[in-house]
Amino acid sequence: MTPLHLGFMVLINFIWGFALIAAKVSLDHFPPLLFAALRFTLIVMVLFPFLKIHEGRMKQVIIIALCAGPVGFGLFFVGLSLSTASVVAVTSQLGVPFATIMSIVFLKEQVHWRRWLGIILSFAGVMVISFDPAVFTYIDGLLFVVASALVGSVGTIYQRQIRNVGVFEMQAWVAVAAAPLMIAASLAVEQGQIEALVEANLMEWAGVFYVAFASSLVGHAGIYYLLQRYEVTQTAPLTLLAPVFTVFFAVTLLGEMVTERMLVGALVALTGVLIVSIRQKRIVDTGP
């Protein structure tokens, strides 16, 4: 990887790492489903021209859009609103081993002992984090994030099989599927949406725009650009910089406490994800 592209990769991880911090700040004000609705509505406004019917592939497109959009991110933002950014950053990486397990079950992929070791380490690390007394106070949030990673892995299986659908085209479908469903879900189960919209300050709105544009458009498009030029084994391990950035920002900017058990669990989990990532053929995109 050239120094320029390596620097771009670090920038993408920086963007993704800070996205959880921006989202966490906004989620302290906006209800999570409303936040998701705003995020996807903004993306629709920008990517609507990329919306395109793909004959013979729309079933796959819709399944991917639902998993990556309203279901996956709905669960994710609820989990983030109930948990801490640092714990969410590590736990969300379970999408990688979940996708591998899905590949074994549904795609009949062959997995040897190294990837099984990585899968075991990934879940063991999250279990270590889960049993930290500090995490017990928001274990429900962690479970929502785990569920989000599981749903996202289903979408990943379909993404591995679909061809000739551009990154912006797919993101447009994700946003179109998610925006109205997130609005409806917010209206059904949340309250105070009008007050939240009117009373939000500049920083809280900035979090919405950052997650919508910097994280989703720049980050995802950037990783797609690099994957067209380099092997997955070169790019996938570098995406683990994102949770490292998030933990750093969470501690320094949000004042989150990270215990020794949480650090040990994070190290074990990310080591497992690293092993799985460098052994598989396609990257699992876990950017927010």
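Every value quoted in this text rests on a predicted model; they were computed, and no experiment measured them. (Residues numbered from 1 in each chain as written. Predicted model: local features only at pLDDT ≥ 70, side-chain atom pairs only at ≥ 80, totals over all residues. Heavy atoms only, no water.)

Draft legend 1. Examining the packing of helix α2 (residues 32–47) against helix α3 (residues 58–82) more closely. Running from N to C, α2 and α3 point in directions that differ by 135°, and their axes come no closer than 8 Å. Classed by the angle they form, the pair α2 and α3 counts as oblique. As for the relative orientation of α2 and α3, their crossing is right-handed in sense. The segment α2 lies against α3, with Pro32, Leu33, Phe35, Ala36, Arg39 and Phe40 engaging Ala68, Gly69, Phe73, Gly74, Phe77, Val78 and Ser81. Of the residues in the contact of α2 with α3, the class split is nine nonpolar, three polar and one charged. (Axes fitted to C-alpha atoms, helices over the stretch in contact; angles between N-to-C directions. Helix = DSSP H or I, 4+ residues; strand = E, 2+ residues; numbered from the N terminus. Parallel < 35°, antiparallel > 145°, perpendicular 65-115°, else oblique. Left-handed = near helix turned anticlockwise from the far one by under 90°. Contact = heavy atoms within 4.5 Å. Nonpolar A, V, L, I, M, F, W, Y, C, P; charged D, E, K, R; others polar.)

Draft legend 2. Geometry of α3. The end-to-end C-alpha distance of α3, which contains 25 residues, comes to 34 Å, matching closely the 36 Å that a straight helix rising 1.5 Å per residue would cover. If you look at α3, its biggest bend is around 40°, right at Gly72. (Expected span 1.5 Å × (residues − 1). Bend = angle between axes of the 7 residues up to and from the residue.)

Draft legend 3. Examining the packing of aromatic side chains more closely. Within this structure, the stated rule accounts for 16 aromatic pairs. With a centroid separation of 5.4 Å and an interplanar angle of 80°, the aromatic rings of Phe18 and Tyr210 are classed as edge-to-face. Linking Phe18 in helix α1 (residues 3–27) with Tyr210 in helix α11 (residues 202–227), this pair joins segments that are 192 residues apart in sequence. Taken together, Phe14, Phe18, Tyr210, Phe245, Phe248 and Phe249 form an aromatic cluster joined through their ring pairs. Against the face of Phe40 rests Arg39, its NZ or CZ located 4.6 Å from the ring centre. One cation-aromatic arrangement involves Arg39 over Phe73; the distance from NZ or CZ to the ring centre is 4.3 Å. (Phe/Tyr/Trp six-rings, centres within 6.5 Å; stacked < 30°, edge-to-face > 60°. Lys NZ or Arg CZ within 6 Å of the ring centre and 35° of its normal.)

Draft legend 4. Spatial organisation of the packing of α1 against helix α13 (residues 241–253). It is at 7 Å that the axes of α1 and α13 come closest, and there the two elements cross at 45°. The angle between α1 and α13 places the two elements in the oblique class. The element α1 and its partner α13 pack so that their crossing is right-handed. In contact with Val10, Asn13, Phe14, Trp16, Gly17, Phe18, Leu20 and Ile21 of α1, α13 contributes Leu241, Ala242, Phe245, Thr246, Phe249, Ala250 and Leu253.

Just distances and angles here, no functional claims.
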